[in-house]
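# Understanding the architecture of this molecule
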Amino acid sequence: MAGHIQDRWYKSETNPGGKTTRVKTERYGTGMRYRARYVAPDGSERSRSFPDKQKRLAESWLTQIAADMTRGQYVDPSAGKVTFQQFATQWLASQTTDAATIVAMELRFRLHAFPHIGSRSLSAFQPGHIRTWARTLKDSGIASSYQRVIFANVSAVFGAAVDDGIIARNPCRAGSVRAPKVDARKLKPWTRERVLAVRDALPAQYGRAVDVGAGCGLRQGEIFGLAVDEVDFLGGVVHVNRQVKMVGPHLVFAPPKGGKLRDVPLPNSVSYALAAHVTLRPPIEVTLPWKTPDGPPVTATLMFYSRERKALNRNYFNMYLWKPALVSAGVIPERLAGERFKQSREHGMHALRHYYASVLLDAGENIKALAEYLGHSDPGFTLRTYTHLMPNSQDRARKAIDAAFGTDADNEGSGGASAAAA
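How each quantity is defined
- Every chain is numbered on its own, with residues counted from 1 as its sequence reads.
- Confidence filtering applies because this is a predicted model: local features only for residues at pLDDT of at least 70, side-chain atom pairs given and counted only at 80 or more, and all residues used for totals across whole chains, interfaces and linings.
- Hydrogens and water molecules were not included; the side-chain quantities draw on all heavy atoms of the structure.
- The helix count covers DSSP runs of H or I at least four residues long, the strand count covers runs of E at least two residues long, and both are numbered beginning at the N terminus.
- Radius of gyration here is computed from C-alpha atoms only, and the compact-globule reference equals 2.2 Å multiplied by the residue count raised to the power 0.38.
- For every residue, the accessible area obtained with a 1.4 Å probe (protein chains only) is divided by the maximum for its type, and the residue is called buried under 20%, exposed over 50%, and partly exposed between those limits.
- Here the open area of atoms and residues is found with the Shrake-Rupley method and a 1.4 Å probe, where only the protein chains shown may cover a residue.
- Here an angle of 0 to 180 degrees is reported between the N-to-C directions of two axes, which are lines fitted to C-alpha atoms, with helices fitted over the stretch in contact.
- Should an angle fall under 35 degrees it is taken as roughly parallel, and over 145 as roughly antiparallel, whereas 65 to 115 is taken as roughly perpendicular and any remaining angle as oblique.
- By convention the crossing between two helices is left-handed if the near helix lies anticlockwise of the far one by an angle smaller than a right angle, and right-handed if it lies clockwise.
- Two residues qualify as a contact provided that any one of their heavy atoms is within 4.5 Å of a heavy atom in the partner residue.
- For this classification, Asp, Glu, Lys and Arg are treated as charged, while Ala, Val, Leu, Ile, Met, Phe, Trp, Tyr, Cys and Pro are nonpolar and the rest, including Gly, are polar.
- N or O atoms within 3.5 Å of each other form a polar contact, as long as, within protein, one can give a hydrogen and the other can take it, and as long as residues adjacent in sequence are counted only when both atoms are side-chain atoms.
- Note on pairing: DSSP must find at least two bridges between two strands before they are called paired.
- Here a pair means two rings of Phe, Tyr or Trp (six-membered ring of Trp) with centres within 6.5 Å. Their orientation is stacked below 30 degrees between planes, edge-to-face above 60, and tilted elsewhere.
- In this scheme, Lys NZ or Arg CZ marks a charge over a ring once it lies within 6 Å of the ring centre and within 35 degrees of the ring normal.
- Definition used for salt bridges: Asp or Glu carboxyl oxygen within 4 Å of a side-chain nitrogen of Lys or Arg.

To continue, consider the overall build of the protein. Counting its secondary structure elements, the protein contains 15 helices and twelve strands. Scaling as 2.2 N^0.38, a compact globule of 422 residues should have a C-alpha radius of gyration of about 22 Å, whereas the protein reaches 33 Å, well beyond that. Evaluated residue by residue, the protein yields a buried proportion of 39% over its 422 residues. Split by element, the accessible area of the protein, about 24,200 Å² in all, is 51% carbon and sulfur.

In this section: the packing of helix α11 (residues 350-362) against helix α12 (residues 367-374). Running from N to C, α11 and α12 cross one another at 155°; their axes reach a closest spacing of 11 Å. Comparing their axes, α12 and α11 come out roughly antiparallel. For the crossing formed where α11 meets α12, the hand is right-handed. Contact residues: R353, Y356, A357, L360 and L361 in α11; I367, L370, Y373 and L374 in α12. Residues belonging to the contact of α11 with α12 are distributed by class as follows: eight nonpolar, no polar and one charged.

On to the side chain of K245. Checked against the element boundaries, K245 lands in strand β8 (residues 243-247). By relative accessible area, which is 18% here, K245 ends up buried. A distance of 2.8 Å separates polar atoms of two side chains, one belonging to K245 and the other to D98. Apart from the residues within four sequence positions on either side, K245 is in contact with D98, A100, H250, L251, V252 and A254.

Each strand in a sheet pairs with another by means of backbone hydrogen bonds, the pair being arranged parallel or else antiparallel. A sheet is described by the order of its strands in space; here three strands give the open sequence β6-β7-β10, paired in antiparallel fashion. A strand with exactly one partner marks an edge of an open sheet, and here the two such strands are β6 (231-232) and β10 (262-265). Two strands pair when backbone bridges link them, and β6 and strand β7 (residues 237-240) are joined in this way by two bridges, in the antiparallel orientation. Each bridged residue has a counterpart across the sheet, and for D232 the counterpart in β7 is V237.

Next up on the list: the sheet that holds strand β1 (residues 4-7). Reading across the sheet, the three strands line up as β1-β4-β5 and stay open at both edges, with antiparallel pairing between neighbours. The outermost strands of the open sheet, each flanked by one partner alone, are β1 and β5 (45-50). Taking the axes of each pair of neighbouring strands and ignoring which way they run, one obtains an average angle of 25° across the sheet. Bridge count between strand β4 (residues 34-39) and β5: six bridges; the pairing is antiparallel. Directly across from V39, in β5, lies its bridge partner E45. Where helix α1 (residues 55-71) meets the sheet, its contacts fall on β1, β4 and β5, and the angle it forms with β4 comes to roughly 15°.

What follows deals with the packing of aromatic side chains. Summed over the entire model, instances satisfying the criterion amount to 17 aromatic pairs. Consider the rings of F125 and F158, whose centres lie 5.0 Å apart with planes at 75°: the pair is edge-to-face. Within this pair, whereas F125 is found in the loop between α3 (99-117) and α4 (127-139), its partner F158 is found in helix α5 (residues 144-163), the two being separated by 33 residues in sequence. Relative accessible area serves as the criterion here: at 7%, F125 is assigned to the buried category. The buried category is assigned to F158, whose relative accessible area is 0%. Through a chain of ring-to-ring contacts, the aromatic side chains of F84, W91, F109, F114, F125 and F158 assemble into a single cluster. Here R120 stacks its cationic end above the ring of F125, 5.9 Å away from the centre of that ring.

As a further point, take unusual backbone geometry. A positive phi angle is found at K53, which is not glycine, with a value near 70°. Its location among the elements puts K53 in the loop between β5 and α1. The class of K53 is exposed, set by a relative accessible area of 75%. Although it is not a glycine, K291 adopts a positive phi angle of roughly 75°. For K291, the position within the fold is in the loop between β11 (284-289) and β12 (297-302).

With that settled, the discussion passes to the environment of A329. Inspection of the secondary structure assignment puts A329 in the loop between α10 (314-328) and α11. Separated by 197 residues in sequence, A329 and T132 have C-alpha atoms that sit 42 Å apart.

With that settled, consider the environment of T96. Relative to the elements of secondary structure, T96 occurs in the loop between α2 (84-93) and α3. Distance in space between the C-alpha atoms of T96 and P265 is 34 Å, their sequence separation being 169 residues.

This part covers the pattern of salt bridges. As enumerated under the stated definition, the model contains 17 salt bridges in all. A salt bridge links R37 to E45, with the nearest nitrogen and oxygen atoms 3.9 Å apart. Across the pair K260 and E372 runs a salt bridge, and its minimum N-O distance is 3.7 Å. Within this pair, whereas K260 is found in the loop between β9 (250-254) and β10, its partner E372 is found in helix α12, the two being separated by 112 residues in sequence. Within this structure, D7, R22, R33 and D52 form a network of salt bridges that share partners.

From the geometry alone we can't say anything about function, so treat these as descriptive.
Here it is as C-alpha cells:
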C-alpha cells in the first residue's frame with residue numbers, strides 16, 4: 001500500500017515514563033476521521049479524507065492508487081475537476097488544423113455540447129451522462145450526419161483528456177454508449193430536367209456555375225474559387241487548385257478540401273458555356289488572404305463573383321440566390337411571409353456533384369476515376385456513397401446474354417433455343 005493513513009481523532013503521546021499512549025485530539029468525534037496520503041509521480045502530496053469506520057475503504061483507495069502507478073495508469077484526482085467546457089476550450093486553442101474547421105467545432109460545442117455537459121467536471125462523467133446527452137442531441141431534430149460529427153468532436157475532447165492523464169477512460173467509448181447513426185436513406189440524384197430548371201432560375205451571371213458543378217463535379221467553394229487561367233479550354237481540363245472558404249465572417253482562399261489538388265475533364269458542353277460566360281461577364285481579379293483571415297494575400301482572376309465585384313459569400317448566395325431558384329424550379333415550396341425557407345440540405349449545390357457522379361457511373365466510369373474527379377481521398381468513401389447508382393449485376397447479366405444471343409424476333413423460338421442448347 002502506497003502512502004499512509006492518519007487518524008485525526010487520536011494522537012500518540014509519550015509520558016514521563018517513556019511509554020507511548022494514544023490520546024484523543026481536539027477534533028475527536030467531529031469531521032472526517034481518516035486522511036489517506038501519498039506522494040504522486042510528480043513529487044507532490046495528494047490526500048483524501050474518509051469518515052469514521054471507513055479505514056478499510058481508505059486502505060483500498062491507497063492500494064488502488066499504488067496499482068495504477070505500477071501499471072502506468074495513474075490519474076491525478078484533482079486534475080479531473082476541470083469542467084468539460086474549460087478543457088474543450090483549451091483543447092480547441094491547441095489545435096493545428098485549418099482555422100475554418102476550428103471555428104466550426106467551436107460553434108458545435110457552443111450550441112450543442114456546452115449547454116448540456118459543459119459545466120460537469122471531467123472526472124464526474126459516467127456513460128449515463130453521455131447517453132442522456134446523445135438522446136438530447138437526437139431529439140433536437142438536427143440531421144443525423146451532423147449529430148455524428150458533434151459526437152465525434154466531443155469524443156475527441158475526452159480522448160485528449162485521457163491522453164493527458166486527466167481521466168482514465170473516454171465515456172463516449174463505453175460499451176453502453178452508441179454514437180448517432182447516419183440515416184440509411186440513399187441519396188437520390190437530381191434529374192437532368194431539374195438541373196436545367198435550377199440553372200435557368202438563377203440570375204444569368206450565376207447560371208453557368210451550375211454547369212461547372214453538374215458537368216465537372218466541383219464543390220461550391222471550388223466553383224467560387226475557380227480562376228479563368230485554371231480552365232484549359234483547348235486541353236479540355238479544369239485544374240482545381242483553390243476554394244473560397246468562410247472562417248467565421250471572413251472569406252479566404254484555401255486549398256480544396258483535404259488539400260487535394262486535382263484535374264477534372266472539361267466536357268465540350270461546359271467549355272462552350274464557360275466561354276460564353278466569360279465573354280458576357282469578364283473575370284475580375286479578387287484578392288483574399290490565404291487560409292486564415294491574417295494570412296498572406298493571394299490574387300486570382302475569378303470567373304464567378306458578386307455584384308460588388310468581390311468573392312461570393314456562400315451564406316448570401318445560398319439564401320438569396322440558390323433557394324429562390326429552388327422555389328422557381330419547384331424543388332422546395334415558396335416560403336410564407338415572415339418564415340424561413342424549408343430545410344433542404346439535400347438540395348444544396350452539393351446535389352450537382354451527386355448528379356455528376358450518377359451520370360458518370362451510368363456511363364460506366366469506374367469508382368477510382370470518379371473518386372479522383374470528385375477529390376475524394378478514399379475511393380471506398382465514393383463507393384459507399386454511390387454504389388446504389390451503379391448498374392447492378394442483374395443488369396450486366398441481361399445485357400451480356402442479350403449481346404451474345406441477340407434479342408430480335410429471328411432468335412426467338414426454335415432457332416434461339418437450338419443456339420442456347422449448343
